[in-house]
Amino acid sequence: MKRKRLSNAELNDAARHYDGPYKPYDLIKELVVAICVVATLALLLTVFFSSPDEKPSTVAQWSRDLPVDFLNTAVSELDGTSGTATYGPPYNHNGEGQIVWFVHLQQWLGVSHPINTAEDYVYAPLATIPGDPLLRAATAKYRETPAKTQAIWITAYSAALAKATVAANDSVLIAHGNYGPLPTMMNALLTLGQSGAFDGDLLTSNQFYQTDYTKSLLFMADGGELTIRAQQQHLLGEQWGMMNETGSYPGQVWLWLYTFWYQIKPFSTSDNADALVMMIMGVLSIAFILIPFIPGVRDIPRAIPIYRLIWRDHYRDLRAAAPKSPAAGGGGGGGGGPPDPAPPAGAAAA
Amino acid sequence: MAFAAIINLNHPASYVHWGFFQMSAANLVVIVLMIVVFAAAIALPFPGSKRRRDGS
Amino acid sequence: MSTAPKQSWTVRLREAGVRAMPPERLLPDGQPTYMSSWIYIFGVLTIAALVVIIGSGTILGLKGPAWWHYTGIGHFFNSIHLWSVELFFFFMVIHLWGKFFMAAWRGGRSRVWMSGAISFLVAIAAAFTGYVSQQNFDSQWIATQAKDGLNSTGIGAFFNVLNFGQMYTYHVLLLPVVVIGLVSAHILLVRRHGIVPPLPLPELGVHAGAVAVAAPAVDAAEPAQ
């Protein structure tokens, strides 16, 4: 005879109370044993594998290892074409930011950490270099020149950088050309970078004590230093990098669904990929929290009856104790009675 | 005092590729272990169950 | 019993608390006999991992964020902290899988599920602030990448992942407080509602409101006092 399938309401009612038998169990001992077990596991993993610690990149290192890339980045900061310069909020108003349909959250929340890339990454650092009248004159000349001429110099200089060579002392050699004062400015910036002073400038330009690395990190991220290291470690977005850790260590496996979207179209080719993925994951996260209320999803445990394995001892006991007639048989859960998961001390049930 | 790891994992990881899917060996081990442990937790008998059965 | 007037807030709060959570419910010494599976240990294993995370994290905090980069003992505790995080998520997800397939939200326990799910999501955020607080290449990369996702939602305007000071504060104080609060709520809700009874088996002919058939008596059908 086919049994009527219980509705969710009936399931909930059946699960509210339990009148059946209990067995003694020491929760505190269980907790202490668990802590000892986990601490031991963590200790063993530490002793066997330790943890990764790849040294951070610095502007000094970047300008020494990849001087041409450094100069290309500096030029793009100067002429406002770098990633940071065109980012939009929260750094500046030079870009729209990402949008999903009519939602422009990035724009609506505004510019909270203003960065003027030409000022912060070129003019201000150059101004810290003492006693160099030629450099001061070159910088002043560049600033006074109309934008059209600046653009001619920048284009020519960038083209020259594409064919540049790196000397033994990490300086950059380019062919002669019409670059205006750019080579003076850029070479000074490169020297500043390689000396290590640029790192300090970016951090402490406004105040002595600092814990905010925004300027330094955005500058480096505009260049190739971090990306090249990341690619070697399989940390790029298209390499499922969000889940990975440096070296051969396990990473953040729980981010699998988050990084998954970036691997497939339309996200892998969209300018608004981040906003789209955040929106999808936001919706899925809310759905995850609300599973008890989502029909279909909340029925999966009954459809895939792993519970039969989990509670097999209990079901076996019920079958053994049940009378022959199925109509009077027991089942899961209980009925009636107060919702008391621990029978009252000293009181016999009913 | 230096605490050198017994197994040095500070070298580039090996990766498993399958179509557009790729995963580091370490992450794969973690996921497989999770599935194995979950299956074992459900399948392995729990102490006390035999006692109950014999007592019925 | 009490000498305070009936409308005393203290008395009312205390009595409401004791009514909702009498000591025997808060720390019972017995559990239902249907709890006969290894799947049930993964909740406490998750809590244990959280304890080790907080312990190792506290030691790291005592010496400051740069310590682990230049001493062996510092690196040792950093490793404990990292591996206990991996174990924490490992056990938590298995616990989640188990609870899902048991449909553990039944019988008025939806808040247990929801507090657990939110704990999971907040724990991911807490781990994230840890990853960007490492002060090494990994944190540089993760921060410069994650900023795009967060900026796209406008969150970047007030949650700056490139700001080490801010991220470190979130990691060692603000988010652990939230995680501990959520996990505590989760555990108290479990104690309040009890461990969810098994799903009814269709072939055993269950209908709603059926009285449980007492399983064969064990040594202690009633928990020892």
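Definitions and limits used
Residues numbered from 1 in each chain as written. Chains lettered and ligands numbered in written order. Predicted model: local features only at pLDDT ≥ 70, side-chain atom pairs only at ≥ 80, totals over all residues. Helix = DSSP H or I, 4+ residues; strand = E, 2+ residues; numbered from the N terminus. Rg over C-alpha atoms; globule rule 2.2 N^0.38 Å. Buried ≥ 20, exposed ≤ 12 C-beta atoms within 10 Å, placed from the backbone. Contact = placed C-beta atoms within 7 Å. Domains from an automatic or database assignment. Pairing = 2+ DSSP bridges. Core = buried A, V, L, I, M, F, W, Y, C linked by C-beta atoms within 7 Å. Expected span 1.5 Å × (residues − 1). Arc of directions from axis to C-beta.

### Looking at the overall build of chain A
Then comes step 1: Within chain A, the secondary structure is distributed over 17 helices and 3 strands.
Then comes step 2: Computed over the C-alpha atoms, the radius of gyration of chain A is 32 Å, more than 25% above the 20 Å expected from 2.2 N^0.38 for a compact globule of 350 residues.
Then comes step 3: Going through the 350 residues of chain A one by one, you find that 37% of them count as buried.
Then comes step 4: In chain A, of all internal contacts separated by at least 6 residues, the share reaching a separation of at least 24 is 56%.

### Quick look at the domain arrangement of chain C
Residues and elements named next belong to chain C.
Then comes step 1: Under the domain assignment, chain C is made up of domain 1 (37-89) and domain 2 (103-196).
Then comes step 2: The C-alpha-based centres of domain 1 and domain 2 are spaced at 16 Å.
Then comes step 3: Between domain 1 and domain 2, the contact holds 8 residues from the first and 7 residues from the second.
Then comes step 4: In terms of residues, the side of domain 1 that touches domain 2 owes the most to one element, helix H3 (residues 42-63), which gives 5 residues.

### Some words on the interface of chain A and chain B
Then comes step 1: Each partner contributes to the interface: chain A provides 25 residues, whereas chain B provides 25 residues.
Then comes step 2: Of all the secondary-structure elements, those providing two or more residues to the side of chain A that touches chain B are helix H2 (27-49), helix H16 (307-310) and helix H17 (312-321) of chain A.
Then comes step 3: No other element matches H17(A), which puts 4 residues into the side of chain A that touches chain B.

### Topic: the interface of chain A and chain C
Then comes step 1: Contact residues are listed per partner, giving 108 residues for chain A and 100 residues for chain C.
Then comes step 2: Considering each element in turn, the side of chain A that touches chain C owes the most residues, 13 residues, to H2(A).
Then comes step 3: Here 3 bridges tie strand S1 (residues 22-24) of chain A to strand S1 (residues 30-32) of chain C, and the two strands are oriented antiparallel to one another. For Pro24(A), the partnering residue across the bridge sits in S1(C) and is Gly30(C).

### Some thoughts on unusual backbone geometry
Then comes step 1: The residue after Pro89(A), namely Pro90(A), is reached through a cis peptide bond having omega 5°.
Then comes step 2: Within the secondary structure, Pro90(A) sits in the loop between helix H4 (67-78) and helix H5 (105-108).
Then comes step 3: Located in the positive-phi region is Ala103(C), a residue other than glycine, with phi close to 45°.
Then comes step 4: Take Ala103(C): it is sitting in the loop between helix H5 (72-101) and helix H6 (110-131).
Then comes step 5: Its 25 C-beta neighbours within 10 Å are what place Ala103(C) among the buried residues.

### With respect to the nonpolar core
Then comes step 1: Of all hydrophobic cores here, the largest spans 112 residues; its most connected members are Val38(A), Ala74(A), Leu45(C), Ala49(C), Leu87(C), Phe88(C) and Phe91(C).
Then comes step 2: When residues in this core are grouped by element, the largest group, 14 residues, is from H5(C).
Then comes step 3: In terms of domain composition, this core takes at least three residues from each of domain 1 (37-89) and domain 2 (103-196) of chain C.
Then comes step 4: Aside from chain neighbours lying at most four places away, what touches Phe88(C) is Thr46(C), Ala49(C), Leu50(C) and Ile53(C).

### A word on the environment of Ala25(B)
Then comes step 1: Within the secondary structure layout, Ala25(B) lies in helix H1 (residues 25-43).
Then comes step 2: For Ala25(B) and Ala13(B), which are 12 residues apart along the polypeptide, the C-alpha to C-alpha distance reads 6.9 Å.
Then comes step 3: Leaving out residues up to four positions away in the same chain, Ala25(B) has contacts with Ser248(A), Ala13(B), Ser14(B) and Val16(B).

### A few points about H1(B)
Then comes step 1: With 19 residues, H1(B) extends 26 Å between its outermost C-alpha atoms, agreeing within 8% with the 27 Å of an ideal straight helix rising 1.5 Å per residue.
Then comes step 2: Among all positions in H1(B), only Ala26(B), Asn27(B), Phe38(B), Ala41(B) and Ile42(B) are buried. Along the axis of H1(B), the buried positions cluster into a sector of 140°, meaning they face one direction only. Exposed side chains of H1(B) directed beyond 90 degrees from the buried face belong to Val32(B), Ile35(B), Val36(B), Ala39(B) and Ala40(B).
Then comes step 3: Of the surrounding secondary structure, the elements contacted by the buried residues of H1(B) are H16 of chain A, strand S2 (21-24) of chain B together with H5 of chain C.

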